[in-house]
Amino acid sequence: MVMLVVLAVLVVVVTAVLAYSKHHLNYWALRGVPTAPGALPILGHMHKFISKKYPRWLYADEVYRSLGDSTVCGFYEMMKPTLMIADPELVKAVLIKDFDYFVDRRIFNFTSDKDEILNEMLTQASGTHWKGIRSVLSPSFTSGRMKGMYPLVEQKADALLDYIHRELKTKTSIKLKKCFGLYTLEVISSCAFGMDTNSLRDGHSTFNTQVENIFKTSTIRMIKIIFFLCFPKLSNVLKMSFTQPEVFFFRDVIIETIKQREAGEKRGDFLDLMMESRDHQSDPTSKTSKYPLKMSTIVAESILFILAGYDTTANTISFVAFLLAQHQSHQQRLRQELREIAVDGTISYQDLMEAKYLDACISETLRLYPVAHFTERQCTKPYT
């Protein structure tokens, strides 16, 4: 008798949950929006996005190519509706023309004390805090500052060539992805933080190892991420931490670099700009309108700068090399363009900016192999 009652209750609960799920999974259909195939009760399309056997960008590409004349497509993350837009004009509206409606990204509010750095990253910030941080960081990328960094980039490019020649003396082939990873890390650490990691000189460094480790996803980490996506409120109640140990390594390195800057000469780089904002906060006589940054924010943006710049740049250069190796005629045409603008074997910053075929090769590479397969935005006010 007891078993029958329990069974009956389970049937009622399951039926209610499925009915609730079906109601929510009709959100897009009721609005005349095409829905991606493969949605499951309760899970929606989550199983498609977390599968290791079939990468989610392949699934998104498959859906995109099946849209026909439609410019939008609905997805469900569990029972939360999300919209994929597949029209260049709509993309421009969201990212440029009407950007003030879509300033925020998807925000994950981590509650563990260990996750303070993650919460302070620009990609996690929203509203006025995001705008404030962005206003401090943007001057780092003006053409004048980029031109000032160019000699440092040249030095690292020469070091890259030296490293490749040394490797070829003892090996019949080398892994260019590794070479470009070492080069990218050297450029970032030198230009943004005034640090020399000696990655290209030694072929490895603790810095490089820590960066590579942070991009590795263990089974336990994947389970935690899936659990958080499925049960975000419960994850926050349990105060689950998502900060990897490598983040604390970079935190300590950056804090030590800041201490050295405070006692020595400033370089006017990415780190100095943030330190100036912090200094103005602590100086009541300052008349600057610069947005004040606290120490944890400076550390967070510094780590984000390393992480966001490392894999994306190294991958792009790798794919450029891969495509040029496949297309010899384009490789020769590019080499000819660079030879024509070079003076005594060197290319100036201005000439490099005007190298149209080089720009075309990089742009085409990014079209074929984009560094990110999704760009997410959250609508913050009613939008038609």
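Throughout this description, residue numbers start from 1 for each chain and increase along the sequence as written. Thresholds applied to this predicted model are a pLDDT of at least 70 for local features of residues and 80 or more for the giving and counting of side-chain atom pairs; totals over whole chains, interfaces and linings are not thresholded and use all residues. Excluding hydrogens and water, the side-chain figures rest on all heavy atoms present in the structure.

S.K.: Residue-level account of the overall build of the protein, with values.
M.R.: Strands here mean DSSP runs of E at least two residues long; helices mean DSSP runs of H or I at least four residues long; both are numbered from the N terminus. The helix and strand inventory of the protein stands at 18 helices and 2 strands. When accessible area is computed with a 1.4 Å probe and restricted to protein chains, residues below 20% of their type maximum are described as buried, those above 50% as exposed, and intermediate ones as partly exposed. Counting all 384 residues of the protein, 34% fall into the buried class. Residues count as neighbours in contact if any of their non-hydrogen atoms are within 4.5 Å of one another. Within the protein, contacts between residues separated by at least 24 positions form 62% of all contacts whose residues are at least 6 apart in sequence. For the protein, the accessible area works out to roughly 23300 Å², and carbon and sulfur atoms hold 60% of it. Side-chain charges in the protein split into 46 positive and 41 negative, and the spacing between the mean points of these groups amounts to 6 Å. For every accessible area listed, the method is Shrake-Rupley and the probe measures 1.4 Å; residues are considered covered only by the protein chains on display. We count Lys and Arg on the positive side and Asp and Glu on the negative side, and we leave His and both chain ends out. Note on charges: their place is set at NZ of Lys, CZ of Arg, CG of Asp or CD of Glu.

S.K.: Which residues make up the state of the cysteines, and what values go with them?
M.R.: Any cysteine sulfur atom paired with another within 2.5 Å is treated as part of a disulfide. Counted under the stated rule, the structure contains 0 disulfides. Distance from the sulfur of C73, which forms no disulfide, to the nearest cysteine sulfur (C379) is 18 Å.

S.K.: Which residues make up the pattern of salt bridges, and what values do they have?
M.R.: The salt bridge definition used is simple: a Lys or Arg side-chain nitrogen within 4 Å of an Asp or Glu carboxyl oxygen. Within this structure, the stated rule accounts for 14 salt bridges. In this structure, E120 and K294 form a salt bridge, with 3.6 Å as the shortest nitrogen-oxygen distance. Residue E120 is located in helix α5 (residues 116-120), and its partner K294 is located in the loop between α14 (270-282) and α15 (295-326); the two are separated by 174 residues in the primary sequence. Ionic pairing is found between E364 and R367, a salt bridge with its closest N-O pair at 2.8 Å. With E364 and R367 both in helix α18 (residues 356-368) and 3 residues apart, this pair spans about one turn of that helix. Judged by relative accessible area, which is 35%, E364 ranks as partly exposed. Several salt bridges share partner residues, and in doing so they unite E77, R106 and E376 into one network.

S.K.: A description of the packing of aromatic side chains should follow, citing residues and the corresponding values.
M.R.: Aromatic rings from Phe, Tyr and Trp, with only the six-membered ring used for Trp, were paired whenever their centres fell within 6.5 Å, and each pair was classed as stacked if the ring planes differed by under 30 degrees, edge-to-face if by over 60, and tilted otherwise. Summed over all chains, the structure comprises 21 aromatic pairs. Judged by centre distance (5.0 Å) and plane angle (80°), the rings of F102 and Y383 are edge-to-face. Remark: Y383 occurs in the segment after α18 and F102 occurs in the loop between α4 (88-97) and α5; sequence separation between them is 281 residues. The buried category is assigned to F102, whose relative accessible area is 9%. Between F228 and F242 the ring centres are 5.1 Å apart and the planes differ by 70°, which places this aromatic pair in the edge-to-face class. Here F228 is found in helix α11 (residues 219-230), whereas its partner F242 is found in the loop between α12 (232-237) and α13 (245-263), with 14 residues between them in sequence.

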